[in-house]
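The primary structure of each chain is shown beneath.
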Amino acid sequence: MTTPNKDIEKVEVRLKWDPSPHGAPDHDLDIIAATYRTDAPYDAPAYLVHFDSRSPDGTITLNRDSRTGQGFGFDEVMTLELDRLSSTYARVVVGVVIQQRDGRKTFGDIENTVVQVREGYTNLSEDDFSSVGDATAAAVAEFARGASGVWEFRDTVRGFDGDPESFTTAMGGRPPAS
């Protein structure tokens, strides 16, 4: 789905979820952004931004990281300053992955998940992952630079099944034709 929102400059992707039940292994969800070059918009990402990293130029940063989902409000927050991103890049795809250290977990196994994409005080999208409940990861937003250089937001929630590493290679591929 393409929205009429154009000229996106700075956005936040926010994620929250309930902690695991007492005594159970922690639920650890992570926001990941993949940046794609203008000359290869569907090939391997030029770079990834996730926990313990940021973009080389500081335009994409993970401001808050949680390994448990404990806390008030949103547990993870990533900021994307698209207006500062080099014209070398044409696409940024943002996803959410569930760490699989303690056995297979899907979005359906984790209570009260919400991902929100915001520009300022405006919600561009919000989703609870119910449409991808059997998935272990999901692409949740795509930002694409048009021919005029203006960034556009494409609301997408596409589920994937696999570990975090395989997700990062698949998340920016072309979506299946509808």
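Procedures and definitions
- Residues numbered from 1 in each chain as written.
- Predicted model: local features only at pLDDT ≥ 70, side-chain atom pairs only at ≥ 80, totals over all residues.
- Heavy atoms only, no water.
- Helix = DSSP H or I, 4+ residues; strand = E, 2+ residues; numbered from the N terminus.
- Rg over C-alpha atoms; globule rule 2.2 N^0.38 Å.
- Buried < 20%, exposed > 50% of the residue type's maximum accessible area, 1.4 Å probe, protein only.
- Contact = heavy atoms within 4.5 Å.
- Areas by Shrake-Rupley, 256 points an atom, 1.4 Å probe, with all protein chains shown as cover.
- Salt bridge = Lys/Arg side-chain N within 4 Å of Asp/Glu carboxyl O.
- Pairing = 2+ DSSP bridges.
- Axes fitted to C-alpha atoms, helices over the stretch in contact; angles between N-to-C directions.

Draft legend 1. Main features of the overall build of the chain. Across its full length, the chain carries one helix and 11 strands. When the helices and strands of the chain are read in sequence order from the N terminus, they spell out β-β-β-β-β-β-β-β-β-β-β-α. Its C-alpha radius of gyration of 15 Å places the chain within 12% of the 16 Å reference for a compact globule of 178 residues. Overall, the C-alpha framework of the chain stretches about 55 × 30 × 30 Å when taken along its three principal axes. Buried residues in the chain amount to 47% of all 178 residues. Long-range contacts, defined as pairs at least 24 residues apart, comprise 67% of the intrachain contacts of the chain with a sequence gap of at least 6. For the chain, the exposed area adds up to about 8900 Å²; of that, 46% sits on carbon and sulfur atoms.

Draft legend 2. Main features of the pattern of salt bridges. The final tally for this structure, using the stated rule, is six salt bridges. For Asp 28, the salt bridge identified is with Arg 101, shortest N-O distance 2.8 Å. With Asp 28 in the loop between strand S2 (10-16) and strand S3 (29-37) and Arg 101 in the loop between strand S7 (89-98) and strand S8 (114-119), the pair connects residues that are 73 residues apart, well separated along the chain. Arg 101 sits in the exposed class, given a relative accessible area of 54%. A salt bridge links Asp 161 to Arg 104; the nearest nitrogen and oxygen atoms lie 2.6 Å apart. Residue Asp 161 is located in the loop between strand S11 (151-160) and helix H1 (164-170), and its partner Arg 104 is located in the loop between S7 and S8; the two are separated by 57 residues in the primary sequence. Here Asp 161 and Arg 104 have matching classes, each one exposed. Sharing partners across several salt bridges, the network here consists of Arg 91, Glu 142 and Arg 154.

Draft legend 3. Quick look at the sheet that holds strand S9 (residues 122-127). The antiparallel open sheet is built from five strands, whose spatial order is S5-S6-S2-S8-S9. Strands with a single pairing partner mark the edges of an open sheet, and in this sheet they are strand S5 (60-64) and S9. Neighbour-to-neighbour, the strand axes of the sheet open up by a mean angle of 20°, direction not taken into account.

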